[in-house]
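Topology and contacts: notes
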Amino acid sequence: MSADRTEIERKFLVAGDGWRKKAARSSRIEQGYLARGRKSTIRVRIKDGKSATLTIKSREPGASRSEFEYRVSLKDAQVMMELCGNSRIEKHRFEVPQGKLTWEIDVFGGRHEGLVIAEVELPREDEAVKLPAWIGEEVTDDPRYRNSSLVDES
């Protein structure tokens, strides 16, 4: 994320398992939404049961959004997660380096079992990205594939 708190990220569906051989790291993520408004979301995230963050993210269309992320204690995050009720998702995140960029592959669990989304953060919106063979349809502009939208499903 840049110093001006703007995240530039493109999202794609994943077509195939070719990325698995190149995955460098992985982590288990539990994520809950405390608030989802028309203009922003507030989420709590617990990573590998060891660390936690609270994130406020704007909801404009496109690849660029404002994002403010803060570390919180694991104990506080666990209490906040309870406040999220059913507005939660579980995913296993894999990091796949490619050139100067790192792809994050999210393999969803729970009610979203089978959904696999690739994200890549960019320094600029017009940054050229070489798409790996395992990348499928781009869903950057499709709000159905935002994590905050996935919790809307029953």
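Refer to the structure printed above.
Given the structure is predicted, the values throughout are model-derived calculations rather than measurements. The written sequence of each chain sets the order in which its residues are numbered from 1. Per-residue local features of the predicted model are confined to residues with pLDDT of at least 70, and side-chain atom pairs are confined, for both listing and counting, to 80 or more; whole-chain, interface and lining totals are unaffected and use all residues. No hydrogens and no water enter the side-chain calculation; it runs on all heavy atoms of the structure.

1. Digging into the side chain of aspartate 106
Here a strand is any run of E in DSSP of at least two residues, a helix any run of H or I of at least four, and the numbering for each starts at the N terminus. Note that aspartate 106 resides in strand 7 (residues 101–108). Counted as a polar contact is a pair of N or O atoms within 3.5 Å, where, for protein atoms, one must be capable of donating a hydrogen and the other of accepting one, and residues adjacent in sequence contribute only when both atoms are in side chains. Of note is the side chain of aspartate 106, whose polar atom sits 2.7 Å from the side chain of arginine 93. Only heavy atoms enter the contact rule, under which two residues are in contact if any of them lie within 4.5 Å. What aspartate 106 contacts, discounting residues up to four positions off in sequence, is Lys91, His92, Arg93, Leu115, Val116, Ile117 and Glu119.

2. What to know about the environment of serine 26
Note on placement: serine 26 falls in strand 2 (residues 25–36). In sequence terms serine 26 and arginine 93 are 67 residues apart; their C-alpha atoms lie 5.4 Å from each other. Serine 26 has contacts with Asp48, His92, Arg93 and Phe94, leaving out every residue within four places of it along the chain. At 3.4 Å, the side chain of serine 26 forms a polar contact with the side chain of histidine 92.

3. Quick look at the packing of aromatic side chains
Only Phe, Tyr and Trp rings are paired, with Trp represented by its six-membered ring, and only when their centres lie within 6.5 Å; those with planes under 30 degrees apart are stacked, over 60 edge-to-face, the remainder tilted. This model, assessed by the stated rule, comprises three aromatic pairs. Taking 5.8 Å as the distance between ring centres and 75° as the angle between the ring planes, the aromatic pair formed by tryptophan 103 and tryptophan 134 counts as edge-to-face. Of this pair, tryptophan 103 sits in strand 7 while tryptophan 134 sits in the loop between strand 8 (116–121) and strand 9 (135–138), and the two are 31 residues apart along the sequence. Owing to a relative accessible area of 6%, tryptophan 134 belongs among the buried residues under this scheme. Here the aromatic residues Phe12, Trp103 and Trp134 are joined through ring pairs into a cluster of three or more. When the ring centre of phenylalanine 94 is taken as origin, the NZ or CZ atom of arginine 20, which lies over that ring, is 5.7 Å away. When accessible area is computed with a 1.4 Å probe and restricted to protein chains, residues below 20% of their type maximum are described as buried, those above 50% as exposed, and intermediate ones as partly exposed. For a ring to carry a charge above it, either NZ of a lysine or CZ of an arginine must fall within 6 Å of the ring centroid while also lying within 35 degrees of the normal to the ring plane.

4. Focus: the environment of lysine 50
Counting through the fold element by element, lysine 50 comes out in the loop between strand 3 (40–47) and strand 4 (51–58). Lysine 50 sits in the exposed class, given a relative accessible area of 70%. Each C-alpha atom, one on lysine 50 and one on lysine 75, is 9.9 Å from the other, the two residues being 25 residues apart in sequence.

5. What to know about the nonpolar core
Core analysis: the largest hydrophobic core is formed by 18 residues, its most contacted members being Val14, Trp19, Trp103, Ile105, Ala118 and Trp134. Elements with a minimum of two residues in this core: strand 1 (6–14), strand 6 (88–98), strand 7 and strand 8. If one sorts the elements of this core by residue count, strand 7 sits on top with four residues. Throughout this description, the term nonpolar core refers to a set of buried Ala, Val, Leu, Ile, Met, Phe, Trp, Tyr and Cys residues connected via side-chain atoms within 4.5 Å.

6. With respect to a nonpolar patch on the surface
In this analysis, a patch consists of residues with relative accessible area above 30% that form no salt bridge, clustered at 9 Å for like charges and at 5 Å for the nonpolar side chains Val, Leu, Ile, Met, Phe, Trp and Tyr. Note that accessible areas follow from Shrake-Rupley with a 1.4 Å probe, and for residues the cover is restricted to the protein chains shown. Salt bridges are defined as contacts in which a side-chain nitrogen from Lys or Arg sits within 4 Å of a carboxyl oxygen from Asp or Glu. A surface patch of nonpolar side chains, amounting to about 250 Å² of accessible area, comprises Ile56, Phe68 and Tyr70. With respect to the helices, strands and loops of the structure, phenylalanine 68 is situated in strand 5 (residues 64–72). By relative accessible area, phenylalanine 68 is classed as partly exposed at 31%.

7. Regarding the side chain of threonine 53
Here threonine 53 shows up in strand 4. According to the relative accessible area criterion, threonine 53 is buried, its value standing at 15%. Here threonine 53 is in contact with Arg43, Val44, Arg45, Glu69, Tyr70, Arg71 and Val72, once residues within four sequence places are set aside.

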